[in-house]
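What follows is the residue order along each chain.
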Amino acid sequence: MSSTSVLGGVVRRREDPALIRGGGLYTDDVKLAGTAHAAFVRSPYAHARVVSVDTSAAEAMEGVAAVYTAADVEHLGPLIAQAPVGALRPLLNNGTVKHVGEAVAMVMAEDPYLARDAADAVEVDYDPLPAVVDLKESLGGAMKVHDDMDSNTLVTWAGPFGADEDALAELRAGIDAAKSRDDTVVVSQEMINQRLIPVPIEPRSVLADYQAGYGRFDIYSSTQIPSALAGAIGRYFGMALNQVTVKAMEVGGGFGCKLNVYNDEVLTAYASKQLGRPVKWTETRREAANSTIQGRGWVATATMTGTNDGEILGFELEGIADMGAYSQNFTVAIPFLGLFVGSGQYRFPTYWKMDCVTTHTMTTDAYRGAGRPEAAYYLERIIDMYSREIGMDPTEVRRRNYIPASDFPAAVSPMGFAMDTGDYEANLDAALESAGWSGLLAERDAARAEGRCVGVGIATYVEVCGFGPAPLVDLGFSWAEYQMPSAFNGSGLVRIHPDGSATVSIGTGPSGQGHQTTWAQIVGDGLGMDVERIRVIHGDTEEAPPSIGSFGSRSAAVDGSACYEATRKVQAKAARIAAHLLEASEEDIEFGDGGARVAGTDSSVSWEEIAKTAYQPHLLPEGMEGGLEAHAIFSPGNATWPFGTHIAVVEVDPDTGNVQILRYIGMDDCGNVISPMIVDGQIHGGIAQGIGQALFEDAVYDGDGNLLAGSLMDYILPTAADLPFFELDRTVTPTDINPLGVKGIGEAGTIGAAQTVVNAVVDALESLGVTHIDMPLRPRRVWQAIQDART
Amino acid sequence: MQVSMSVNGRQVSGDVEPRTLLVHFLREDLRLTGTHVGCETSYCGACTVEIDGKAVLSCTMLAVQAEGADVTTVEGLAQDGQLHPVQEGFWERHGLQCGFCTPGMIMSAVTLLQENDNPSEEEIRRGIEGNLCRCTGYHNIVRAVEYAGAKMRGEEPPPAEWEES
């Protein structure tokens, strides 16, 4: 396989040699001498007054270094949040606990087994209280989640964005007028977009090492946001940013749940400072379920109004989103991300309103897609129902209502946001051709004629990602709490060493996305340098300039663009040096094959020679400084708007309710593609998580607030045997927002998949009279829906 | 308690608490951190190692139960610097993203191919269904196992999907 770096080419991943040999270092693999191990005492109740905490037995155990209760850490204040709306999480809570899994006390001991024993020896007396779990009950407000708050509703997001109450009333009056027309139909359905647990296979882990002699911290953490964690630790302990180094080494998946600064990170740092030794905490899978953030958790009613021949005149979505007990990093901002894409890639008037309510459950925050899968789900499910109601092909209904390609580059969505580039109809057509749409329908009908329940589902989506535009700070989306004033910038540092090799330092926090490979391609392409000569360092705040990290499908679009700009700066200086060495004009220098040459000639100079010269100032052109490195910050003018079309073919066993996915076709458009191999891999995983939501996953709490799906025995993830090969292809509509023309691909698969599968299952059960089933479509639920439809 | 076993062809021994899990003996005492812990309920498969020719979950076995056993972890697969065909397949076919499930997934695939060196897609999927991956949707993992199977049979692996077009 070629190791030549070309944008759009395939390079075997630079990450892999260590990982396939078992040599990758994840946080829990880091062993420091003298480490104490932490364990938490957590509430078994969703809502309870803590009457007493007795730590004496635990403290008396041999090998226990310390036991902390709330009194020990109250002076640090609560856990910070980006959008501090509602109640903030106490680091430890000895007052009234608000969800199962809330941390009450923390134990440090010589080894993890002993720490667990000691945590079990802490005696906590609780006075249980009734819990608020149901979203409608919370919205009703009969019982408060937090006694000191006026309402359980933290914020209500209504849109279009920027519309005042009069404008919203006028919009709704227009839709109501359409409803009363003779030639229109109205389709309405309440749907649940259930809570999910992110489940990266690596549990979170943190190792804090306070070095008293130097007054500084090394913090190893499994995080997507190393710079923000460093800022937070600096803030809690009154330390300058240059005294805190965060190292996010290998991170074993994140999907948004490692996009938070957690109380355990702050507490582990505190313990290390107090005890004067390293302290490590690694969560158990049960803790990952009940005290790491969850996602989704909406109940909403979608209503679509349109003519009998497929012109949609209005879409309304009204619902409630579950924020859980406390606001953490983004929490209330997640439904706002849904509002961003509330009208999808369509041009019909859209009214959108979500009440964000608090409950006695674990906090929700960003889980892959974060607001956008939910928004797309409601929209694409109700369009399907509308299509069925008027008896029109669902692809034709979508086509008829798209924002046309001719609206770009000035397109503004009905939700009020400027969109970068798009050609939705071309993407739809490509998907239909790739899948052989009419053939699919014929095969489906033939299977049905044999008595099989086969269904074909389609859904299209637009995503907003690549955050993002600096003005978002003005909307309150700021990382200032984490000492990150720049909010959403990306950064990159490219350094050429005296031997002509290169180090690229980036502030992103990847968790499997292959940044070491992709960034080497970006830089190698710009410098004409073999990727083998380029080392990419990420997740180390001492090495890399600050970036807000990896989430929201932003790394390539924003930090990748910063690296591209830094590469251009290095290239410009190297061209001057090469021109000087080759006695040529700077304009005639081009890069490739491991060096620079004069265009159209054999005259060339290697990177080794350029670099060697750069570090000997007396050999440089008059007035040029020595060294060869550059730093760049990139601040995009807008978010990016990828889009796509997904198609699923499913078969339902009506006797058991089991759903089997026969084919899955994805036609995604993320703009330019740096590595097709990595991009397809991102889509595969994204689709699998969307299918997971559609068919299997459910973070269900009972009425008392007990998490019933607290382990992998109860929280069902898709296995290899549950999924098919995915048939992927792409259209390419580059963005004009960044110099690489890339839009981001980390979340697209997830945003497209769940409704595609549900649409297919409902299609399969059409003849039985089933019109909707709430996710997850596990056999029992599907079977029950069939029985209900028959009676 | 004293425990001794062969790990990756090397005779090792240690003094452990009776309750010490094999995975912790490997990770903490032997510093073989390639074997990972992803859950505590035998569901994720990240801790899979090979013991006496069988894929075993090392988080569900006490170290003392492995007394005298022949244990192979992911660190012991490559021979004389040469990757095992399954490792090579994972690299060549992008069978990993975050890499956390990978050691366990590779060990399961190794034992699968030892039992059947020409598995169908269905057999591969069934063979690795005890190992959870949250990143890849298993697509490229199945491709990686197909690649490894071909290599082990002495055949040319099928081309990568990105090479076909």
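What counts, and where the lines are drawn
Residues numbered from 1 in each chain as written. Chains lettered and ligands numbered in written order. Predicted model: local features only at pLDDT ≥ 70, side-chain atom pairs only at ≥ 80, totals over all residues. Heavy atoms only, no water. Helix = DSSP H or I, 4+ residues; strand = E, 2+ residues; numbered from the N terminus. Buried < 20%, exposed > 50% of the residue type's maximum accessible area, 1.4 Å probe, protein only. Contact = heavy atoms within 4.5 Å. Lys, Arg positive; Asp, Glu negative; His and termini not counted. Charge placed at Lys NZ, Arg CZ, Asp CG, Glu CD. Arc of directions from axis to C-beta. Patch = residues over 30% accessible without salt bridge, like charges linked within 9 Å, V, L, I, M, F, W, Y side chains within 5 Å. Areas by Shrake-Rupley, 256 points an atom, 1.4 Å probe, with all protein chains shown as cover. Salt bridge = Lys/Arg side-chain N within 4 Å of Asp/Glu carboxyl O. Polar contact = N/O pair within 3.5 Å; in protein donor to acceptor, adjacent residues only side chain to side chain. Domains from an automatic or database assignment. Buried area = accessible area lost by both parts, 1.4 Å probe. Axes fitted to C-alpha atoms, helices over the stretch in contact; angles between N-to-C directions. Parallel < 35°, antiparallel > 145°, perpendicular 65-115°, else oblique. Left-handed = near helix turned anticlockwise from the far one by under 90°. Nonpolar A, V, L, I, M, F, W, Y, C, P; charged D, E, K, R; others polar. Phe/Tyr/Trp six-rings, centres within 6.5 Å; stacked < 30°, edge-to-face > 60°. Lys NZ or Arg CZ within 6 Å of the ring centre and 35° of its normal. Pairing = 2+ DSSP bridges. Core = buried A, V, L, I, M, F, W, Y, C linked by side-chain atoms within 4.5 Å.

Comments concerning the overall build of chain A
Across its full length, chain A carries 20 helices and 26 strands. Along the longest, intermediate and shortest principal axes, the C-alpha atoms of chain A span 90 × 75 × 55 Å. Burial analysis of chain A (791 residues in total) assigns 65% to the buried set. Within chain A, counting contacts between residues at least 6 apart in sequence, those at least 24 apart form 80% of the total. Charge separation in chain A, taken as the distance between the mean sites of 56 positive and 104 negative side-chain charges, equals 2 Å.

Points about helix H17 (residues 607–614) of chain A
Residue and element names in this part refer to chain A. Buried within H17 are the following residues: Trp607, Ile610, Ala611, Thr613 and Ala614. Within H17, the buried residues cover an arc of 160° as seen down the axis, which keeps them to one side. The elements touched by buried residues of H17 are strand E17 (490–496), helix H15 (515–527), helix H16 (555–582), strand E20 (589–592), strand E21 (595–598) and strand E22 (604–606).

Re a negative patch on the surface
All names here are of chain A. On the surface, Asp54, Glu59, Asp72 and Glu123 cluster together into a patch of negative charge. Tracing the backbone through its elements, the reader meets Glu123 in strand E6 (residues 123–128). Judged by relative accessible area, which is 52%, Glu123 ranks as exposed.

Let's talk about the side chain of A:Thr731
Residues and elements named next belong to chain A. For Thr731, the position within the fold is in the loop between strand E26 (726–730) and helix H19 (748–764). Residue class for Thr731 comes out buried when judged on its relative accessible area of 15%. One polar contact links Thr731 to Asn427, side chain to side chain, over a distance of 3.0 Å. Among the polar contacts made by the side chain of Thr731, one reaches the side chain of Asp669 at a distance of 2.7 Å. In contact with Thr731, other than residues within four places in its own chain, are Ala426, Asn427, Ala430, Phe643, Met667, Asp668, Asp669 and Cys670.

A short note on the side chain of A:Asp559
Residues and elements named next belong to chain A. Checked against the element boundaries, Asp559 lands in helix H16. A distance of 2.8 Å separates the side chain of Asp559 from the side chain of Arg554, its partner in a polar contact. Those residues in contact with Asp559 that sit more than four places away from it in its chain are Gly490, Ser491, Thr508, Trp519, Ser547, Gly549 and Arg554.

Here's the deal with the domain arrangement of chain A
Residues and elements named next belong to chain A. In terms of domains, chain A is made up of domain 1 (16–22 + 489–634), domain 2 (31–129 + 201–253 + 258–290) and domain 3 (295–467 + 638–790). Placing a centre on the C-alpha atoms of domain 1 and another on those of domain 2 gives a separation of 39 Å. Counting residues at the interface gives 18 residues for domain 1 and 16 residues for domain 2. Interface of domain 1 and domain 2: buried area, both sides summed, is about 1200 Å²; carbon and sulfur atoms make up 48% of it. Broken down residue by residue, the surface that domain 1 buries against domain 2 is led by Ser511, Gly539 and Thr541, which jointly contribute 38%. Joining domain 1 to domain 2, the criterion identifies two salt bridges. A salt bridge links Glu542 to Arg216; the shortest N-O distance between them is 3.8 Å.

Examining the environment of A:Val536
With respect to the element layout, A:Val536 can be found in strand E19 (residues 534–538). Expressed as a C-alpha distance, the spacing of A:Val536 and A:Ile716, which sit 180 residues apart in the sequence, is 36 Å.

Re the packing of helix H2 (residues 85–92) of chain B against helix H3 (residues 102–115) of chain B
All names here are of chain B. With their axes 9 Å apart at the nearest point, H2 and H3 run at an angle of 125° to one another. Of the possible angle classes, the one that applies to H2 and H3 is oblique. Along this stretch, H2 crosses H3, giving a crossing that reads as right-handed. Along its contact with H2, which presents Val86, Gln87 and Phe90, the element H3 presents Thr102, Met105, Ile106, Ala109, Val110 and Leu113.

Observations regarding the interface of chain A and chain B
Taken together, the contact between chain A and chain B spans 57 residues of the former and 56 residues of the latter. Of the roughly 4800 Å² buried at the junction of chain A and chain B (both faces included), carbon and sulfur atoms supply 59%. For the pair chain A and chain B, the interface holds six salt bridges. For A:Asp28, the salt bridge is made with B:Arg27, and the minimal N-O distance between the two is 2.9 Å. Run the count over chain A and chain B and you get 27 residue pairs in polar contact (both at pLDDT 80 or more). Of all elements in the fold, only helix H1 (16–20), helix H4 (112–121), helix H9 (285–290) and helix H18 (676–695) of chain A reach the threshold of two or more residues within the side of chain A that touches chain B. The element that contributes the greatest number of residues to the side of chain A that touches chain B is H18(A), accounting for eight residues. Partitioned by chemical class, the residues of the side of chain A that touches chain B number 30 nonpolar, 13 polar and 14 charged.

Let's talk about the pattern of salt bridges
Residue and element names in this part refer to chain A. In this structure the tally under the stated criterion is 62 salt bridges over all chains. For the salt bridge of Arg663 with Glu727, the shortest nitrogen-to-oxygen distance reads 2.6 Å. In this pair, Arg663 sits in strand E25 (residues 659–669) while Glu727 sits in strand E26, placing the two residues 64 residues apart along the sequence. Within this structure, Glu380, Asp384, Arg388, Arg398, Arg444, Asp445, Arg448, Asp763 and Glu766 form a network of salt bridges that share partners.

Some details on the packing of aromatic side chains
Residue and element names in this part refer to chain A. Using the criterion set out here, one finds 28 aromatic pairs over all chains in the structure. Members of the aromatic cluster, each reached through a chain of ring pairs, are Trp157, Phe161, Phe336, Phe340, Phe417, Phe467 and Trp641. The lysine or arginine in question, Arg204, covers the ring of Tyr262, its NZ or CZ lying 3.5 Å from the ring centre. Between Arg554 and the ring centre of Phe551, over which it is positioned, the NZ or CZ distance is 5.8 Å.

Looking at the sheet that holds strand E4 (residues 54–57) of chain B
Residue and element names in this part refer to chain B. Strand order across the open sheet formed by five strands is E2-E1-E5-E3-E4, with mixed pairing between neighbours. What marks the edges here is a single partner per strand, and that holds for strand E2 (10–15) and E4. Across this sheet, the average inter-strand angle for adjacent strands is 40°, counted without regard to direction. Looking at chain direction, strand E1 (residues 2–7) and strand E5 (residues 70–72) are connected through two bridges and run parallel. What sits directly across from Ser6, in E5, is Asp70. On top of the sheet, H3 reaches strand E3 (48–51), E4 and E5; it is set at about 40° to E3, its chief contact.

Some details on the domain arrangement of chain B
All names here are of chain B. Each domain of chain B was delimited in the assignment, giving domain 1 (2–75) and domain 2 (85–157). Taking the mean C-alpha position of each, domain 1 and domain 2 sit 22 Å from one another. On the domain 2 side, the residues contacting the 17 residues of domain 1 number 13 residues. Overall, the association of domain 1 and domain 2 removes approximately 1100 Å² of surface from exposure, summing both partners, and the carbon and sulfur fraction of that is 59%. Across the domain 1-domain 2 interface, the total number found is zero salt bridges. Inspection of the region where domain 1 meets domain 2 yields four residue pairs in polar contact (both at pLDDT 80 or more). Elements with a contribution of two residues or more to the side of domain 1 that touches domain 2: E3 and E4.

Some points on the nonpolar core
All names here are of chain A. Of all hydrophobic cores here, the largest spans 220 residues; its most connected members are Ile219, Phe237, Phe340, Trp479, Ile647 and Ile691. Beyond its immediate stretch of four places on either side in the chain, Phe237 contacts Leu76, Phe217, Val266, Ala269, Tyr270 and Lys273. Counting residues in each nonpolar core, the second largest holds 37 residues, with Met529, Ala574, Val598 and Leu620 among its members.

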